[in-house]
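Understanding the architecture of this molecule
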Amino acid sequence: MYFVSDAILKINQLYCGMTIEAIQKEVNDALIEQVSIDSFQKETIIDHYKQTAQSYVKVEQSVAVLTNYQDNYSYIFAGAFGSVFGLKSGSTYINSAFEDDIFNKIHSDDLLERHVLELRYFHFLKTLSPEDRYKYSTHSYIRTRNADGIYKYITHRTYFLTSMSNGIIWLALCTYSPCPEQNPRKGIEGKIVNNENGEILPAAEYIHCDKMILSEREIEILREIAVGKGSKEIASELYISPY
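The present account deals with the structure reproduced in this document. (Residues numbered from 1 in each chain as written. Predicted model: local features only at pLDDT ≥ 70, side-chain atom pairs only at ≥ 80, totals over all residues. Heavy atoms only, no water.)

**Observations regarding the side chain of His-139**
The topology assignment puts His-139 in strand 4 (residues 136-145). Apart from the residues lying within four places of it in its own chain, the contact partners of His-139 are Leu-117, Thr-155, His-156, Arg-157, Glu-189, Gly-190, Lys-191 and Val-193. (Helix = DSSP H or I, 4+ residues; strand = E, 2+ residues; numbered from the N terminus. Contact = heavy atoms within 4.5 Å.)

Quick look at the structure:
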């Protein structure tokens, strides 16, 4: 007998922020490949994007995370909004491609959906030429616990920045900013957006990426989770046991 709980456990093991090694493995498989690049050239490019992230945060007073997937480290830049995550204004270097200090403040259900969306996004980018990857970013609303222990929606986005010479994704930028709309939602309303015209990319154009990660049945359950359905509701609709 197939159990929803078993599938959710596997999905969580792959994507949930509490099992960071599993996420790193999936991201590594999707993104990382050893490519030599002149160290001076590398630092010049990274400095350029660090300045870009800092300028964005200065204007928006938000939070931006510049991630180097090839060398597995990140820079967190925080404006006044960083206080939501317990971050001080300024920049912080972390020896990881994953911003745990931020993830720990995000509702576990939304964190799961956020990881799934981002992995789908990166798998989708791999199907495009490096020149076309700039056209797309992710957009979602995620619940974050504030200092009073209350969950509030914030806006989250992920942007592709640049690739290595062989086309492997190298740098990406995640942003976290205030969300003016606090109405209840089903799921994070995650989407991939065309930056040039604002159009939402039809899910059919990237949903096939799930086949690289999960079984057909697990993908079916994942789709139900993504629209905010619970274990019992999913079990009833798919005629399987919830536990």
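**Description of the pairing of strand 2 (residues 73-78)**
Across the 6 residues that make up strand 2, a large majority, 6, are buried. As paired strands, strand 1 (residues 63-68) and strand 2 are joined by 6 bridges and run antiparallel to one another. Bridged to Val-65 within strand 2 is Ile-76. Once strand 1 ends, the chain turns through 4 residues before running back antiparallel as strand 2, passing Asn-72 with a positive phi of about 60°. Here strand 2 runs beside strand 3 (residues 90-94); their pairing, made up of 5 bridges, is antiparallel. Note that in strand 3 the partner of Ala-78 across the bridge is Gly-90. (Buried < 20%, exposed > 50% of the residue type's maximum accessible area, 1.4 Å probe, protein only. Pairing = 2+ DSSP bridges.)

**Re the side chain of Ser-163**
As for its position among the elements, Ser-163 is in strand 5 (residues 151-163). On the basis of relative accessible area, Ser-163 is assigned to the buried category, the value being 15%. Reaching out from Ser-163, the side chain makes a polar contact with the side chain of Arg-133 at a distance of 2.8 Å. If we ignore the near neighbours within four places in the chain, the residues touching Ser-163 are Pro-130, Arg-133, Ile-168, Ile-169 and Trp-170. (Polar contact = N/O pair within 3.5 Å; in protein donor to acceptor, adjacent residues only side chain to side chain.)

**Some thoughts on the pattern of salt bridges**
In a structure, side chains of opposite charge can pair up when their charged atoms sit close to one another. For the structure on display, the rule yields 6 salt bridges. Across the pair Lys-42 and Asp-71 runs a salt bridge whose closest N-O atoms are separated by 3.2 Å. A residue pair is termed long-range when its members are at least 10 positions apart, and Lys-42 in helix 3 (residues 39-60) and Asp-71 in the loop between strand 1 and strand 2 qualify at 29 residues. Residue class for Lys-42 comes out buried when judged on its relative accessible area of 17%. Here the salt bridges share partners, and the residues they tie into one network are Glu-99, Arg-114 and Glu-118. (Salt bridge = Lys/Arg side-chain N within 4 Å of Asp/Glu carboxyl O.)

**Description of the packing of aromatic side chains**
The full count for this structure, using the stated rule, is 10 aromatic pairs. Centre to centre, the rings of Phe-124 and Tyr-136 are 5.3 Å apart; their planes meet at 85°, and the pair counts as edge-to-face. Of this pair, Phe-124 sits in helix 5 (residues 108-126) while Tyr-136 sits in strand 4, placing them 12 residues apart in sequence. The class of Tyr-136 is buried, set by a relative accessible area of 14%. Taking the ring centre of Tyr-141 as reference, the NZ or CZ of Arg-185 above it sits at 4.0 Å. Cation over ring: Arg-185 sits above Tyr-153, and NZ or CZ is 4.8 Å from the ring centre. (Phe/Tyr/Trp six-rings, centres within 6.5 Å; stacked < 30°, edge-to-face > 60°. Lys NZ or Arg CZ within 6 Å of the ring centre and 35° of its normal.)

Any link to function would need more than the numbers given here.
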